[in-house]
Amino acid sequence: MTLRELDAADLRAVDEKLAPQTLEVLDAARNVAARQLTGGPAPAAVERELARLEAELRALGFEL
Amino acid sequence: MPEGKPSGGRGARFAGAMDPAAAALNASIHFDRRLLRDDVRGSQAHARMLAAAGLITADDAEAIVTGLSRVAEEIETGKHPLDAALEDIHMNVETRLIQMVGEPGRRLHTARSRNDQVATDLRLYARRAALELVSAIDRARVALCRRARQHAHTIMPGYTHLQRAQVVTLGHHLLAYAEMLDRDRGRLVDAERRAAASPLGSGALAGTSLPIDRAATAADLGFAGPTHNSLDAVSDRDFAAEIAFACALLAVHLSRLGEELVLWSTTEFGFVRLGEGYCSGSSLMPQKRNPDIAELLRGKPGRAIGDVVALLTISKGLALAYNKDLQETQEPLYDAIDTARAALAVLPGLVDTLEFDVARPPVTRRWARRISLRSSCAPACRSGAHTRSSASSCGAPRRRA
């Protein structure tokens, strides 16, 4: 069973602050996407880092 | 010494041959043979300089330069076998040159000692090897970069204490290794640059009174210039220690990747399946798919670290200038380079053929929710709404959240 299969009562039984809409922010993709700081793990940050690295490697003559 | 028997580098001082056990201990041909190309190159530059300085004739220099190329070809193709009685590659090359071109060959060693000759050859070798490793590192970075591009959005667990900690992306994880390799690259480039000073002309320890042109040989051999102190030049092996250390740290970085691949490819993790070309099986347990190559990446640093320790220990406490102890610095340098080269050689293929199990529920969904739920911050704080590090968006101080 996953969290999304729990109803409101089940969630409240875990913690009174938990509600079905709380699950919206428990999404893993949303979680990691929020950490888009420089050097961070978010896809957006990874894309930026990749662009920098790819440019460096292309300048060295590599095809990517 | 019987007439016609090679004398190695002993000169005319000795009437008898070296004790066989002593000669065996003294010999380095079994490992310094890899300096052949560099020795020939160094000698050719030296001969050209001697001619330009008027110390030998242009005809002699031509005979030497041409003859050395032929000697190298003969040795490389196995046409001329190396003779252990001649101690090292330098004496093997020179002896064969004299056999081949006669009297001009005897003039090659004018204004030169084996001490500055060996130091020059070793630097040429080390610089070449360092740059080859840099290229190998770049190929590995390309492989990591490609896989990171494919998985920039793939979610995976990030760990601390090997316990699931926060959500990261696989691309981010792979780029961590690209970062390590970038630093390794920088260390090798830096070490190569520092090794680019030519010891040639420093003689045994105190140069020569002959009017040689050290700047000319340095330029001919691609060095930035001649070294500034003859005593240091013949006895310095810092460049070897630096390159060996760069190799050891590189191997340490690859060992971390090796360890992760070993873990990730277990049934327990199940994050990745290694390419068949990088696994072994078992005749007794046919279900096995052993991550041998990843394990070797993990194990290789052991010897590379040992090489660094050997190099430093051999160099420690040596009085100036040259001492025979320095001969013992060659094998650790070669081994560290070979170890790093072998590990880097497998990396692009290993990384290219990794099959990440991105659809596996524990990787992408169930576990992610669990660690989201268990994070120290209140659920509302995980929306990405944080604007300050000192407090969570729900208003609770971070230390209490």
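Here the structure is a predicted model, which means the values were calculated and not measured.

**Q** Help me out: how do you make sense of the overall build of chain B in this one?
**A** Of the regular secondary structure elements, chain B holds 16 helices and six strands. Taken across its 401 residues, chain B has 45% of its residues classed as buried.

**Q** Can you walk me through the interface of chain A and chain B in this structure?
**A** For interface size, the figure often reported is the accessible area lost on association. In this assembly, 26 residues from chain A lie in contact with 29 residues from chain B. Counting only elements with at least two residues in the side of chain A that touches chain B, the list comes to helix H2 (28-33) and helix H3 (43-59) of chain A. Of the residues forming the side of chain A that touches chain B, the biggest block, eight residues, is contributed by H3 of chain A. For the side of chain A that touches chain B, a count of residues per class yields 18 nonpolar, three polar and five charged.

**Q** Just to check I follow, could you spell out unusual backbone geometry for this structure?
**A** Outside of glycine, negative phi angles account for most residues, and trans bonds account for most peptide bonds. Residue and element names in this part refer to chain B. Along the chain, Leu320 connects to Ala321 via a cis peptide bond; the corresponding omega equals 0°. Relative to the helices and strands, Ala321 resides in the loop between helix H13 (301-315) and helix H14 (330-352). At Glu87, a residue that is not glycine, the phi angle is positive and equals roughly 75°. Topologically, Glu87 is positioned in the loop between helix H4 (58-76) and helix H5 (89-101). The class of Glu87 is buried, set by 23 C-beta atoms lying within 10 Å.

**Q** Please clarify how the packing of helix H7 (residues 114-150) of chain B against H14 of chain B should be interpreted in this entry.
**A** Packed helices, taken two at a time, are described by the angle their axes make and the gap between the axes. All names here are of chain B. Running from N to C, H7 and H14 cross one another at 20°; their axes reach a closest spacing of 9 Å. Taken as axis vectors, H7 and H14 run roughly parallel relative to one another. At the point where H7 passes H14, the crossing takes the left-handed sense. Each of Leu122, Ala126, Ala129, Leu133, Ala136, Ile137, Arg139, Ala140, Ala143, Leu144 and Arg147 in H7 lies in contact with H14, whose residues at this interface are Gln330, Leu333, Ile337, Ala340, Arg341, Leu344, Ala345, Leu347, Pro348, Val351 and Asp352. When the residues that make up the contact of H7 with H14 are grouped by side-chain class, the tally is 17 nonpolar, one polar and four charged.

**Q** So what exactly am I meant to see when it comes to the domain arrangement of chain B here?
**A** All names here are of chain B. Each assigned domain of chain B is listed with its residue range as follows: domain 1 (24-110) and domain 2 (115-214 + 227-361). The gap between the C-alpha centroids of domain 1 and domain 2 is 32 Å. Taken together, the contact between domain 1 and domain 2 spans 15 residues of the former and 16 residues of the latter. Ranked by residues supplied to the side of domain 1 that touches domain 2, first place goes to helix H3 (residues 36-52) with seven residues. Of the residues in the side of domain 1 that touches domain 2, the class split is six nonpolar, four polar and five charged.

**Q** Just to check I follow, could you spell out H13 of chain B for this structure?
**A** Quick reminder: α-helices carry 3.6 residues per turn. Residues three or four places apart thus point the same way. Residues and elements named next belong to chain B. Compared with the 21 Å implied by 1.5 Å per residue over 15 residues, the 21 Å span of H13 between its first and last C-alpha is a close match. Residues of H13 that are buried include every one of Pro301, Ala304, Asp307, Val308, Ala310, Leu311 and Ile314, and no others. As for H13, its buried residues are in contact with helix H11 (238-264) and H14.

**Q** What is the right way to read the packing of H3 of chain A against H7 of chain B from this model?
**A** Viewed as axis vectors pointing N to C, H3 of chain A and H7 of chain B meet at an angle of 150°, and their least axial separation amounts to 10 Å. Remark: the crossing between H3 of chain A and H7 of chain B carries left-handed chirality. Facing H3 of chain A, whose interface residues are Val46, Leu50, Leu53, Glu54 and Leu57 of chain A, H7 of chain B presents Asp138, Arg141, Val142, Cys145, Ala148 and Arg149 of chain B. Classifying every residue of the contact of H3 of chain A with H7 of chain B gives seven nonpolar, no polar and four charged.

**Q** What exactly am I supposed to notice about the confidence of the model for chain B here?
**A** In low-pLDDT regions, the fine details of the predicted coordinates are not to be read closely. Residue and element names in this part refer to chain B. Per-residue confidence for chain B gives a mean pLDDT of 90; residues scoring 70 or more make up 87%. Of the regions scoring below 50 in pLDDT, residues 1-6 engages in ten contacts with residues more than four places distant in sequence or in other chains. Long-range and interchain partners of residues 375-394, a stretch whose pLDDT sits below 50, account for 39 contacts in this model, where long-range means more than four residues apart. In the model output, the complex is listed with pTM 0.89 alongside ipTM 0.84.

Cut-offs applied
Residues numbered from 1 in each chain as written. Chains lettered and ligands numbered in written order. Predicted model: local features only at pLDDT ≥ 70, side-chain atom pairs only at ≥ 80, totals over all residues. Helix = DSSP H or I, 4+ residues; strand = E, 2+ residues; numbered from the N terminus. Buried ≥ 20, exposed ≤ 12 C-beta atoms within 10 Å, placed from the backbone. Contact = placed C-beta atoms within 7 Å. Nonpolar A, V, L, I, M, F, W, Y, C, P; charged D, E, K, R; others polar. Axes fitted to C-alpha atoms, helices over the stretch in contact; angles between N-to-C directions. Parallel < 35°, antiparallel > 145°, perpendicular 65-115°, else oblique. Left-handed = near helix turned anticlockwise from the far one by under 90°. Domains from an automatic or database assignment. Expected span 1.5 Å × (residues − 1). pLDDT = per-residue confidence, 0-100.

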